[in-house]
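The chain contents come next:
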Amino acid sequence: MAAAVGGRERLSSSSPGAAPQVDTGKYVRYTPEQVEALERVYTECPKPSSLRRQQLIRECPILSNIEPKQIKVWFQNRRLYG
């Protein structure tokens, strides 16, 4: 179900344990499996290019429902706080 909120598209999920909700400007919760996959990639390359991030989304089914921008932000935060 998609709804326009303040000029932004918001995707909502009916079940609380489902994949992260995509809502620009909002916090995205990652499942433990998604964090594990992102951490594995981080150990190989802490600063992946845009093409590499898109490749991750295509090749890893766990990450397929996360926006490329959110993956970019995850890596930025990991470098900053990790």
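Residues numbered from 1 in each chain as written. Predicted model: local features only at pLDDT ≥ 70, side-chain atom pairs only at ≥ 80, totals over all residues. Heavy atoms only, no water.

Brief notes about the packing of helix 1 (residues 32-44) against helix 3 (residues 68-81)
Two numbers describe how helix 1 lies on helix 3: the axes approach to 11 Å, and their chain directions differ by 65°. With respect to their mutual orientation, helix 1 and helix 3 come out roughly perpendicular. Crossing angle aside, the handedness with which helix 1 passes helix 3 is right-handed. Within the contact between the two elements, helix 1 uses Val 35, Leu 38, Glu 39, Val 41 and Tyr 42 and helix 3 uses Ile 71, Trp 74, Phe 75, Arg 78 and Arg 79. Tallied by class, the residues present in the contact of helix 1 with helix 3 amount to seven nonpolar, no polar and three charged. (Axes fitted to C-alpha atoms, helices over the stretch in contact; angles between N-to-C directions. Helix = DSSP H or I, 4+ residues; strand = E, 2+ residues; numbered from the N terminus. Parallel < 35°, antiparallel > 145°, perpendicular 65-115°, else oblique. Left-handed = near helix turned anticlockwise from the far one by under 90°. Contact = heavy atoms within 4.5 Å. Nonpolar A, V, L, I, M, F, W, Y, C, P; charged D, E, K, R; others polar.)

Observations concerning the side chain of Gln 34
Following the sequence through the fold, Gln 34 ends up in helix 1. Residue Gln 34 is classed as buried on the basis of its relative accessible area of 2%. Within polar-contact distance, the side chain of Gln 34 engages the backbone nitrogen of Thr 31 at 2.9 Å. (Buried < 20%, exposed > 50% of the residue type's maximum accessible area, 1.4 Å probe, protein only. Polar contact = N/O pair within 3.5 Å; in protein donor to acceptor, adjacent residues only side chain to side chain.)

A few points about the nonpolar core
Among soluble globular proteins, nonpolar side chains are generally buried collectively. In terms of nonpolar packing, the biggest core is built from twelve residues, these being Ala 37, Leu 38, Val 41, Tyr 42, Leu 56, Ile 57, Cys 60, Leu 63, Ile 66, Ile 71, Trp 74 and Phe 75. If you tally residues by element for this core, the top one is helix 1, at four residues. (Core = buried A, V, L, I, M, F, W, Y, C linked by side-chain atoms within 4.5 Å.)

Overview of the confidence of the model for the protein chain
For the protein chain, per-residue confidence averages 80 on the pLDDT scale, and residues scoring 70 or more make up 70% of the total. Averaged over each element, pLDDT in the protein chain is lowest for strand 2 (residues 8-11) (44) and highest for helix 1 (96). Of the regions scoring below 50 in pLDDT, residues 1-15 engages in 21 contacts with residues more than four places distant in sequence or in other chains. (pLDDT = per-residue confidence, 0-100.)

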